[in-house]
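Residue strings, one per chain:
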Amino acid sequence: MSHQLHPDLSWVRFLPNFTFGPWTASLIRSIRLRGATPPAGITIEDKVVSGPEGAPPVDLHIIRPSAPSPHPSPALLWIHGGGLIIGSPEQDDTMNIALVQQLGITVAAVRYRLSPVHPGPAAVEDVYAGLVGLFGLAQELHLDPTRIAIGGASAGGGLAAAATLLAHDRGEVNIAFQLLVYPMLDDRTVLRPGVNQLYLKVWTAESNRFGWTSYLGHEPGRDDVSPYKAAARREDLSGLPPAWVGVGTLDLFHDEDVEYARRLNEVGVPCELQIIPGAFHGFDQVMYNANVSAKFR
């Protein structure tokens, strides 16, 4: 596979690699990100729903059209990225506002507990509680419960996939679609030999090891890792909702994402796979205005 950057992303070759560890993750978590100011016609509000049993309530950061729709609208439960160790719903406000403006949908971004302070399955249980809570708000928010999708980027994509497994197995709610943007699906990628670090940007192999170790509470790669923590561990993917998976060829998660999409299609779950040649992890956020990023979104 070529290691050449996409022409729209070429300047990123000068970007030094950065590795997350305990100190940097703790520092970033201490910074409270302010949400975007809603433009005309958009309402942003936070609602609290019941959390997992024995855990705190879960916050939904909701972005929706201000004008009421004549018909119940679709909704997307969105899960932010951050390697399972950092991040907040507000970091994706710009993108989610654009989604609402373009599609007329409601986006509810869930605030979940972060590791290592709260190791798994805290995050996925929070996401699942947010999902059930969003269904519970369908009448109040004028949503169509048959058109509620789940999605996320990076760690958020992995949590979306894992929460989809929970929804399938618990049978409480039916997800219409999975939107998995370069998802973090498989802790065993940490064990993959021969990873060329020179071409990895934003999320390195060392950061991946720290993220997974923080979330699992032990070294990645053990045989007893639950698929509710690492969705790629699921042996049977049949019966899941349709999916879209997007990833770049220079993303550490490329191989695990392509394999997950292949396995979904293999068992009859429709899954569209979009591969961006020469794109690194998070390229569409680092270079938001690049043509390749706009087309990817």
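This text follows the structure it describes.
Definitions and limits used
- Residues numbered from 1 in each chain as written.
- Predicted model: local features only at pLDDT ≥ 70, side-chain atom pairs only at ≥ 80, totals over all residues.
- Heavy atoms only, no water.
- Buried < 20%, exposed > 50% of the residue type's maximum accessible area, 1.4 Å probe, protein only.
- Helix = DSSP H or I, 4+ residues; strand = E, 2+ residues; numbered from the N terminus.
- Pairing = 2+ DSSP bridges.
- Contact = heavy atoms within 4.5 Å.
- Polar contact = N/O pair within 3.5 Å; in protein donor to acceptor, adjacent residues only side chain to side chain.
- Axes fitted to C-alpha atoms, helices over the stretch in contact; angles between N-to-C directions.

Engineer: I'm lost on the pairing of strand E2 (residues 58-65) in this one. Help?
Structural biologist: Across a regular strand the side chains alternate sides, sitting on one face of the sheet and then on the other. Counting buried residues along E2, 6 of its 8 residues qualify, which places the element largely inside the surrounding structure. Examined bridge by bridge, strand E1 (residues 42-49) and E2 share 8 bridges and lie antiparallel to one another. Residue pairing for E2: Ile-42 is matched across the bridge by Pro-65. When E2 meets strand E4 (residues 106-111), the two strands line up antiparallel, connected through 5 bridges. Within E4, the residue paired with Ile-62 across the bridge is Ala-108.

Engineer: Which parts of the structure should I look at to understand the environment of Lys-47?
Structural biologist: Within the secondary structure layout, Lys-47 lies in strand E1. Linking Lys-47 and Met-287, residues 240 residues apart in sequence, is a C-alpha distance of 31 Å. Among residues more than four places away in sequence, those in contact with Lys-47 are Val-58, Asp-59, Leu-60, Ile-62, Leu-137, Glu-140 and Leu-141. Within polar-contact distance, the side chain of Lys-47 engages the side chain of Glu-140 at 2.7 Å.

Engineer: Looking at this structure, I do not really get the sheet that holds strand E6 (residues 178-181). What am I missing?
Structural biologist: A sheet is described by the order of its strands in space; here 8 strands give the open sequence E1-E2-E4-E3-E5-E6-E7-E8, paired in mixed fashion. Among the strands making up the open sheet, the edge pair consists of E1 and strand E8 (271-280). Strand-to-strand twist across the sheet, computed as the mean angle between neighbouring axes with direction ignored, equals 20°. Across 7 bridges, strand E7 (residues 243-250) lies against E8 in parallel orientation.

Engineer: Where do I start with the side chain of Thr-189 in this structure?
Structural biologist: Along the chain, the position of Thr-189 falls in the loop between E6 and helix H6 (205-216). A relative accessible area of 9% places Thr-189 in the buried class. Other than its neighbours up to four places away in sequence, Thr-189 contacts Asn-208, Leu-252 and Glu-256.

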